[in-house]
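Breakdown of the fold
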Amino acid sequence: MSTPRFTDPSYFKEHPYYEYLFIASACIGQLLTLAASCCSLTHMNQLQEDFNAPDTMKPWFMASFGLAIGTVILISGRLGDVYGIKNILLGGYVWTIIWSLLSGISYYDRQDGAAMYICCRAFQGAGMAFVLPNILGAAGRVFTPQTLRKKLVFGFIGLSAPLGGWLGVFMSGVIAVRTDRWDWNYYAFAIFAFVGCAITYISFPEIHVIRQDDGSRQHVDWMGGFLGITSLTLFNFSWNQAPVVGWQSAYIIVLLIIGFVMFFGFVYWELKVAKNPLIPPAILENPKLVATLSTIFLGWGAFGINLYHTYTMYQDFRHYSPFAAGAGLSPAPPMGLLAAISCSLLIGPRTVELILVGSMLAFTGASIILCTTTVHESYFRNTFGAWILGPFGMDWSFPAGSILLSEELPPHLQGMAGSLVSIMMNYGISIMLGVAGTIEVELLKQRPEDTYRAWRGAEYYAVGISGLATVIALVSGRKAIWAYITGKEVPMPEVYDEEKHELVRAPTKVSLASSPTPKSISSLES
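Values in this document were obtained by computation on a predicted structure and should not be read as measured data. (Residues numbered from 1 in each chain as written. Predicted model: local features only at pLDDT ≥ 70, side-chain atom pairs only at ≥ 80, totals over all residues. Heavy atoms only, no water.)

1. Re the overall build of the protein
Along the protein, the regular secondary structure elements total 20 helices and two strands. In the protein, once contacts between residues fewer than 6 apart in sequence are set aside, the share between residues at least 24 apart is 81%. Carbon and sulfur atoms form 67% of the exposed surface of the protein, whose accessible area is close to 20800 Å². (Helix = DSSP H or I, 4+ residues; strand = E, 2+ residues; numbered from the N terminus. Contact = heavy atoms within 4.5 Å. Areas by Shrake-Rupley, 256 points an atom, 1.4 Å probe, with all protein chains shown as cover.)

Here it is, written out as structure tokens:
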């Protein structure tokens, strides 16, 4: 008997071709997220000139989007689980369209335009925070686990990341050259977001909200959301604002301390107080999942540094036009396609850890190539090679992390699975840009005239954190990797034993990505 495509046979039964529209809507959600995150790179010098902003403020043009999406995602996936994935997803699209239009309108405010633009970009990111995890959660709910179809779907969603990043910078460069204005980037984005919203509305299947045993709606941990979002926002703001005003500013230190205190309060609340925690203890108490999320956070943080500094090299050192700078990321789409197809064919219970390690090696290799790049060398000597490797880091890490979490969690927590991976990706990009900015500022204090030395110092930091991510992935997956090399059985995963109230090895042979039962998770939450 063949394995069914979907977890519910009623999905797409009336309109089978809606399945392909649904997959397209999932890819569009991922594509738009990366396009919005990266689109400011090719016109950040125009933004700086129009708003008369200092160099230290330039990272905010990209980081503000990542700050919002990386923090609001903490609760957006849970809202989808409780109030309906489709409802929250469509609301996120509407919010994104509104703030995309306002981001473009900030072009006309030349007095306080930089502040308005950064705020609008943050609210735009908040809108996409309600789109991305819920579209991932829906894909996790709809397609049957451990099937080639599900792996292909997640592979093509992963492909949409480098494709979206490339489209964001390339189309931004085209618009800048053709119109000499950057605001049309955001009007165009609003149009594409409307198209994505329409496709989602038409094709989205009726995914029923999973209720509690008594039929009532599940609860949202509002206090946990407040503590988590506020702490992450303050911590991120401190690191990204410090290069602008300096660490000697008292309010930076105060906000950083408050952020730390609230974060520890969030962890205590989730583990000891919350009856329906945003982050299930099943994740916090599972070392493999914690290591997986840490790996993605560090690897994508290095990716964010590499992407931003690639474009500062193009525009500030090599003086490329916006169009040429946008074209500089052209290797990403074909390499992303190759990475997505290879990942879909290779990934499985015995290879998922190897795929994750391979993705971190790709991030590390790209960082090493970029940190050895010189100003006057040919584009094809180093920069081109870095973006041959980079898409493999993106397209291998995303499916590996998503499938691990998706199939370790029960259906009623699928939105949280998508949220956690997206948090690590986007928050990692945003926070590491702030840390890299601090490194550049401190190096410029030593040699103000040597801006290339400061640029390279940030890239050395990217090498360090991507290398650390590789080590964590190797240590975490050492047993599974060794079992694959030697041909032995994959080690049994840890599941929650509701009688012993602890994580134990699975008593029967199961795959590395098998799911603990919903009953076990519910027992742990209660």
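2. Details of the nonpolar core
L41, W300, L307 and Y311 are the most contacted members of the largest nonpolar core, which has 134 residues in total. The element contributing the most residues to this core is helix α3 (residues 58–83), with 14 residues. Apart from residues lying up to four places away in sequence, L41 is in contact with M62, V169, L307, Y308, Y311 and Q315. (Core = buried A, V, L, I, M, F, W, Y, C linked by side-chain atoms within 4.5 Å. Buried < 20%, exposed > 50% of the residue type's maximum accessible area, 1.4 Å probe, protein only.)

3. Focus: the pattern of salt bridges
In total, this model carries six salt bridges according to the counting rule given. Of the charged contacts, one joins R181 and D183 as a salt bridge, the two residues approaching to 2.6 Å between their closest N and O atoms. Residue classification places R181 among the partly exposed residues on the basis of a relative accessible area of 24%. With its nearest N and O atoms 4.0 Å apart, the salt bridge here joins R381 to E377. With relative accessibility at 11%, the residue E377 sits in the buried group. (Salt bridge = Lys/Arg side-chain N within 4 Å of Asp/Glu carboxyl O.)

4. Brief notes about the packing of helix α7 (residues 148–179) against helix α14 (residues 332–346)
For the pair α7 and α14, the least separation of the axes is 8 Å and the interaxial angle reads 165°. Put simply, α7 runs roughly antiparallel to α14. As for the relative orientation of α7 and α14, their crossing is right-handed in sense. Contact residues: α7 offers L148, K151, L152, G155, F156, L159, P162, L163 and W166, while α14 offers A332, P333, G336, L337, A340 and S344. Grouping the amino acids of the contact of α7 with α14 by side-chain chemistry returns eleven nonpolar, three polar and one charged. (Axes fitted to C-alpha atoms, helices over the stretch in contact; angles between N-to-C directions. Parallel < 35°, antiparallel > 145°, perpendicular 65-115°, else oblique. Left-handed = near helix turned anticlockwise from the far one by under 90°. Nonpolar A, V, L, I, M, F, W, Y, C, P; charged D, E, K, R; others polar.)

5. A closer look at a nonpolar patch on the surface
Residues L148, L152, F156, L337, I341, L345 and L346 make up a contiguous nonpolar surface patch of about 610 Å² in total accessible area. Where the nonpolar patch is concerned, the elements lending two or more residues are α7 and α14. It is α14 that provides the largest number of residues to the nonpolar patch, a total of four residues. Its location among the elements puts L337 in helix α14. (Patch = residues over 30% accessible without salt bridge, like charges linked within 9 Å, V, L, I, M, F, W, Y side chains within 5 Å.)

6. Describing the packing of helix α1 (residues 18–38) against helix α8 (residues 184–203)
Interaxial distance between α1 and α8 falls to 9 Å at its minimum, and their mutual angle equals 150°. Our classification of the angle between α1 and α8 gives roughly antiparallel. In this structure, the crossing between α1 and α8 has a hand that is left-handed. Side by side, α1 and α8 meet where Y18, L21, F22, S25, I28, L32 and A36 of the first sit next to F189, F192, A193, G196, I199, T200, I202 and S203 of the second.

7. Observations regarding the environment of S397
Examined against the element boundaries, S397 turns out to sit in helix α16 (residues 383–408). The exposure class assigned to S397 is buried, which follows from its relative accessible area of 0%. Spatially, the C-alpha atoms of S397 and T295 are 8.9 Å apart, while their sequence positions differ by 102 residues. Excluding its chain neighbours within four sequence positions, the residues that come into contact with S397 are I296, W300, L356, S359, M360, F363 and F392.

8. Focus: helix α5 (residues 113–129)
Counted at 1.5 Å a residue, the expected span for α5 with its 17 residues is 24 Å, and the 24 Å between its end C-alpha atoms agrees. Of all 17 residues that make up α5, twelve are buried, and the element is covered over most of its length. Three or more residues of α5 are buried, namely G113, A114, Y117, I118, C120, R121, Q124, G125, A126, G127, M128 and A129. Where α5 is buried, its residues contact α1, α2 (44–51), α3, α4 (85–105), α6 (132–142) and α8. (Expected span 1.5 Å × (residues − 1).)

9. Focus on the packing of aromatic side chains
Think of a pair of aromatic rings as described by two things: how far the centres are apart, and how the planes are tilted against each other in angle. Counted according to the given criterion, the structure contains 36 aromatic pairs. Each ring, one from W239 and one from W247, has its centre 4.9 Å from the other, and the planes form 75°; the classification is edge-to-face. Through a chain of ring-to-ring contacts, the aromatic side chains of F51, F61, Y107, Y108, Y117, W182 and Y186 assemble into a single cluster. (Phe/Tyr/Trp six-rings, centres within 6.5 Å; stacked < 30°, edge-to-face > 60°.)

10. A word on unusual backbone geometry
We note that N52 has phi near 55°; this positive angle belongs to a residue other than glycine. Relative to the helices and strands, N52 is located in the loop between α2 and α3. Located in the positive-phi region is D180, a residue other than glycine, with phi close to 60°. Residue classification places D180 among the exposed positions, given a relative accessible area of 59%.

11. Quick look at the confidence of the model for the protein
In the predicted model, the protein carries a mean pLDDT of 82, and the fraction of residues at 70 or more is 87%. Contacts from residues 495–526, a stretch scored under 50 in pLDDT, to residues over four places away or in other chains number 70 contacts. (pLDDT = per-residue confidence, 0-100.)

12. Considering the environment of A339
Residue placement: A339 occurs in helix α14. Along the chain, A339 and S359 lie 20 residues apart, while their C-alpha atoms are 9.8 Å from each other. Residue contacts for A339: discarding those within four places in its chain leaves P391, F392, D395 and W396.

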